[in-house]
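Summary of the model geometry
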Amino acid sequence: MVKSMQTAQSLCMHLYHLQLESTLSHGLHNYRRRVGSNPFHGHPKRLDRILRMCMDSDSVDEITASQIVTYRGIAAKLLWGNAQQLNVFLHDGVLYIEEYDAQPDRRHTFVQDGECIGSNFEALCTGKSPNGVHDLHTQWFACVTFNLGDLKVVIAGEVDCQKDSNLTGQAKDCLELKTKSQDSKQSPAKLRWYFQSSLIGIPTIVLGRHKEGALDGGRYD
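Residues numbered from 1 in each chain as written. Predicted model: local features only at pLDDT ≥ 70, side-chain atom pairs only at ≥ 80, totals over all residues. Heavy atoms only, no water.

1. Some thoughts on helix 3 (residues 48-56)
Here is the rule: Under the scheme applied here, a residue whose accessible area is under 20% of the maximum for its type counts as buried, over 50% as exposed, and between as partly exposed, the area being computed with a 1.4 Å probe on protein chains only. Here a strand is any run of E in DSSP of at least two residues, a helix any run of H or I of at least four, and the numbering for each starts at the N terminus. Taken from the helix axis, the directions to the C-beta atoms give the arc we talk about. We call two residues in contact when some of their heavy atoms are within 4.5 Å.
Within helix 3 the residues assigned to the buried category are Ile 50, Met 53 and Cys 54. Along the long axis of helix 3, the arc covered by the buried residues comes to 95°, so they all point the same way. Opposite the packed face of helix 3, turned more than 90 degrees from it, sit the exposed residues Asp 48 and Arg 52. Elements in contact with the buried residues of helix 3: helix 4 (60-64), strand 1 (68-71), strand 4 (140-148) and strand 5 (151-159). One or two residues past the end of helix 3 sits Asp 58, with phi positive at roughly 55°.

Laid out in structure tokens, this is it:
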């Protein structure tokens, strides 16, 4: 089940036909200032969002019939073997897992340049101006169920956009958007990206390559 999602408007036109020279680092100062004003920025997402999604879509029974409820990022790290601090509690036979917040009162005012570049790339692909002043507080999530052995798992993960304007509500019609600097000495973490995307059923990743924030192009992977 998918709560809602943004639409990717003519990705091919944006990333290929126009041969964009967009500066994805544009508006970095505004982005940092606006992010710094959000007290929730940089803190873990709570499971309340998953419950709200299920309530809004009349799918609360998906939670009560499951054995595990968590977020995609947590599940990916667990399956990948990464250590992490978690809040875990059991209620009526359902195991709820969310990330532990070691500093709940901290204001996260420092923002990496890559965060602004990634946010601007998402804005560009969804028909908005990549100027660092778009809505920073709206996120769209897909919530899916799958079986892990004998366990039924409810998992939610952020969705970047759809392939076109035909809203289907299906994760298979969504895209994962990633950015990578051409100057980076590390290869794109494609295996991790595909692993993460497949957990909520997103089959396609669009990679935007840039040099010092200037978009060089994009491609489907």
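2. Comments concerning helix 6 (residues 113-125)
Using the following cut-off: Take the number of residues in a helix, subtract one, and multiply by 1.5 Å to get its expected span.
Taking 1.5 Å per residue as the helical rise, helix 6 with its 13 residues ought to reach 18 Å, and the 19 Å between its terminal C-alpha atoms agrees with that figure. Among the residues making up helix 6, those that are buried are Cys 116, Ile 117, Gly 118, Ser 119, Asn 120, Phe 121, Ala 123, Leu 124 and Cys 125. Positive backbone phi, at 80°, marks Gly 127, one or two positions downstream of helix 6.

3. Considerations on a nonpolar patch on the surface
Defined as follows: Two distance rules govern patches: like charges are joined within 9 Å, and nonpolar side chains (Val, Leu, Ile, Met, Phe, Trp, Tyr) within 5 Å, applied only to residues with over 30% relative accessible area and no salt bridge. Accessibility throughout is a Shrake-Rupley quantity obtained with a 1.4 Å probe, and a residue counts as covered only by protein chains that appear here. Any carboxyl oxygen of Asp or Glu within 4 Å of a side-chain nitrogen of Lys or Arg constitutes a salt bridge here.
Among the surface-exposed residues, Leu 51, Met 55 and Val 60 lie close enough to one another that they form a single nonpolar patch of about 240 Å² accessible area. With respect to the helices and strands, the residue Leu 51 is situated in helix 3.

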